[in-house]
Amino acid sequence: MIGWMRRKSSESVRRVAPGNESWISLAILLIGGVVVALIGLTTIMAAQHSAGWGYDFRAYYDAALRLMATGTPYQDLTLSGPFQPGPANLYLYTPVPALLIVPLTWLGPETATLTWLAIRLGLLFGACVLMPVPRWVKAATLGISFISSQFLLDLNLGNVSLIVTFFAVVAWRWLDRPISGVAIAASMTIRPAMGAIWLWWIVRRQWVAVAWTVLGALAIFVASLPFIGLDPWFQFVTVLRNLSDVNSVARNLGLGSTALALGASEPVANLALIGGYVLAIGAILLSLRRDREIGFSVTLMATLLLSPLMWDHYLTNLIVPGALVASRGRRWGVLLPLLGWLPLLLLPLVAIVGMLVPFLAPDREERALGVTADDGQPVTDLDASPSSVAGA
């Protein structure tokens, strides 16, 4: 009788314990996330008294004021001839961000900067919630973000990298669907290199996503015309054409600029830049042999190497490959964004690592077969996601 009761008790524990452990783990992660968030917010608020507070946002704010006053967000410096990016207050984006900032100019610069911070904090939270990964990965990613160098820097400067990352997460959640294409089109108005994802869709013959990216871009363009007309769009092309001497820009993390900082000659730096392009394209092509989520994550990180300009806050994109590999059994992946704390000259390698890490995740087909992860747990016990249950 006693033996029978012990067996029943053991069976009951086996049935209940996993669920309890799951909820206990979730509670710990949520409490930890709140603590980390409070630390991060305190740090950000203290940063209001730093020289970098709102540094990038002031460029967007002034561009919006110029757009209202003169009909263009661009400065004469960027339109009149070759110029080097990097100095304060240069506006180098499409007209769309400046147009969207216009309502914030009605609040005044200080209130607008704080409002901009609140908007991007909301987008960071939204990005973590929308990720097609288990709840613990979402909570851990949010907590890690608040202690990651690139996120703290982006929030302090008032940059747009968080917005690009948010659009990338939207594209990931509804991968290959119409909203995914629209999200990538929106991200391209901020960072044109995100167009590499559109080319990746073409190679994969995902015509729905390809078409909706084009339609989304056209819709954004047409919607802007009543407010700004055609001229600012032509001027944006001029700004891109006038960019020069990018390799010698201070704090640029492009491989060419990094090679110069390490003492290489200009020809060698150019070869390093081209080498980065080749590496990125090679990784994208290799990812075509893996499932589509892995391919998307690789391509997203490859966009950083496909641009001659890369700042450290661009590494906010690291949450995507980190969350992806964590959701497939490589739980250490949630810590990937912390690599942003490495010395500046090592950050180009961090971008490369972020591009290659998704290859360590098991394919979706392997998950379906119950392949075990590093911690010995079957990867099939991970939550299913909208993008992981659809066909490749």
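The model shown is predicted, which means the values in this text are computed figures rather than measured ones.

Caption draft 1: Layout of the packing of helix α5 (residues 109–130) against helix α8 (residues 161–173). Remark: α5 packs on α8, axes separated minimally by 9 Å, with the N-to-C direction vectors making an angle of 25°. With respect to α8, the element α5 is oriented roughly parallel. α8 is crossed by α5, and the crossing has left-handed handedness. Listed contacts from α8 to Trp116, Arg120, Leu123, Leu124, Gly126, Ala127 and Leu130 of α5 are Leu162, Ile163, Phe166, Val169, Val170 and Arg173. Of the residues assigned to the contact of α5 with α8, the class counts are ten nonpolar, one polar and two charged.

Caption draft 2: Summary view of the pattern of salt bridges. Under the definition given, this model contains seven salt bridges. Measuring nitrogen to oxygen at the nearest pair gives 2.9 Å for the salt bridge that ties arginine 290 to aspartate 363. Linking arginine 290 in the loop between α14 (266–287) and α15 (292–305) with aspartate 363 in the loop between α17 (347–356) and α18 (364–368), this pair joins segments that are 73 residues apart in sequence. You can call arginine 290 partly exposed: its relative accessible area is 22%. The shortest N-O distance in the salt bridge between arginine 328 and glutamate 293 comes to 2.7 Å. Taken together, the residues arginine 328 in the loop between α16 (319–327) and α17 and glutamate 293 in helix α15 connect sequence positions 35 residues apart. Under the relative-accessibility criterion, glutamate 293 is labelled buried at 2%. The structure contains a network of salt bridges with shared partners spanning Asp176, Arg204 and Arg292.

Caption draft 3: Seen up close, the packing of α5 against helix α6 (residues 135–145). Where α5 meets α6, the axes come as close as 8 Å, and the angle between the chain directions of the two elements is 150°. It follows from the interaxial angle that α5 and α6 lie roughly antiparallel. Between α5 and α6 lies a crossing whose hand is right-handed. Residues Leu124, Phe125, Cys128 and Val129 of α5 pack against Lys138, Thr141, Leu142 and Ser145 of α6. For the contact of α5 with α6, the class distribution of residues is five nonpolar, two polar and one charged.

Caption draft 4: Representation of helix α11 (residues 207–228). Counted at 1.5 Å a residue, the expected span for α11 with its 22 residues is 32 Å, and the 31 Å between its end C-alpha atoms agrees. Listed as buried for α11 are Ala209, Val210, Thr213, Gly216, Ser224 and Ile228. The buried residues of α11 occupy an angular sector of 130° when the element is viewed end-on, so they sit on one face. In α11, those exposed residues whose orientation departs by more than 90 degrees from the buried face are Trp207 and Pro226. Where α11 is buried, its residues meet α2 (55–70), α4 (95–105), α9 (178–188), α10 (195–204) and α12 (231–242).

Caption draft 5: Region of the structure containing unusual backbone geometry. With a phi angle near 60°, arginine 205 is a residue other than glycine that sits in the positive phi range. Mapped onto the fold, arginine 205 is located in the loop between α10 and α11. A residue is classified by how much of its surface remains accessible, and arginine 205, at 64% relative accessible area, is exposed. One non-glycine residue, aspartate 245, adopts positive backbone phi at about 50°. Looking at where aspartate 245 falls in the secondary structure, it is placed in the loop between α12 and α13 (255–261).

Caption draft 6: How the structure looks around the packing of aromatic side chains. For the coordinates displayed, the defined rule picks out ten aromatic pairs. For the ring pair tyrosine 74 and tyrosine 91, a centre distance of 5.6 Å and an interplane angle of 45° mean the geometry is tilted. Taken together, the residues span a long stretch of sequence, with tyrosine 74 in the loop between α2 and α3 (76–80) and tyrosine 91 in the loop between α3 and α4 at a distance of 17 residues. Tyrosine 91 carries the same exposure label as tyrosine 74, and that label is buried. Residues tryptophan 200 and tryptophan 201 carry aromatic rings whose centres are separated by 6.4 Å and whose planes lie at 35° to one another, so their mutual orientation is tilted. For the pair tryptophan 200 and tryptophan 201, a shared accessibility class is recorded, and that class is buried. In this structure an aromatic cluster arises from ring pairing among Phe57, Tyr60, Tyr61, Tyr74, Tyr91, Tyr93 and Trp116. The lysine or arginine in question, arginine 173, covers the ring of tryptophan 174, its NZ or CZ lying 5.4 Å from the ring centre. For the cation-ring pair, arginine 191 lies above tyrosine 314, with the distance from its terminal atom to the ring centre recorded as 3.7 Å.

Rules of the game
Numbering of residues begins from 1 in every chain and follows the order in which that chain's sequence is written. Reporting of local features is limited, given that this is a predicted model, to residues whose pLDDT is at least 70; pairs of side-chain atoms are given and counted only at 80 or more, and all residues count toward the totals for whole chains, interfaces and linings. The basis for the side-chain values is all heavy atoms of the structure; hydrogens and waters are excluded. Lines fitted to C-alpha atoms define the axes, with helix axes restricted to the stretch in contact, and inter-axis angles between N-to-C directions lie between 0 and 180 degrees. Secondary structure counts use DSSP, requiring at least four H or I residues in a row for a helix and at least two E residues in a row for a strand, with both numbered from the N terminus. Oblique is the label for any angle not covered by the other classes, which are roughly parallel (under 35 degrees), roughly antiparallel (over 145) and roughly perpendicular (65 to 115). Take the far helix as the reference: if the near one is turned anticlockwise from it by less than a right angle, the crossing is left-handed, and if turned clockwise, right-handed. For this analysis, residues touch if any pair of their heavy atoms sits within 4.5 Å. When residue character is reported, Ala, Val, Leu, Ile, Met, Phe, Trp, Tyr, Cys and Pro are called nonpolar, Asp, Glu, Lys and Arg charged, and the others, Gly included, polar. Here a salt bridge means any side-chain nitrogen of Lys or Arg lying within 4 Å of a carboxyl oxygen belonging to Asp or Glu. Using a 1.4 Å probe on the protein chains alone, a residue whose accessible area is under 20% of its type maximum counts as buried, one over 50% counts as exposed, and one in between counts as partly exposed. One fewer than the residue count of a helix, multiplied by 1.5 Å, yields its expected span. What the arc covers is the set of directions going from the helix axis to the C-beta atoms. Centres within 6.5 Å are what make two rings of Phe, Tyr or Trp a pair, Trp counting through its six-membered ring; a difference in plane orientation under 30 degrees is then read as stacked, over 60 as edge-to-face, and the rest as tilted. Only when the NZ atom of a Lys or the CZ atom of an Arg is both within 6 Å of the ring centre and within 35 degrees of the ring normal do we say a charge sits over the ring.

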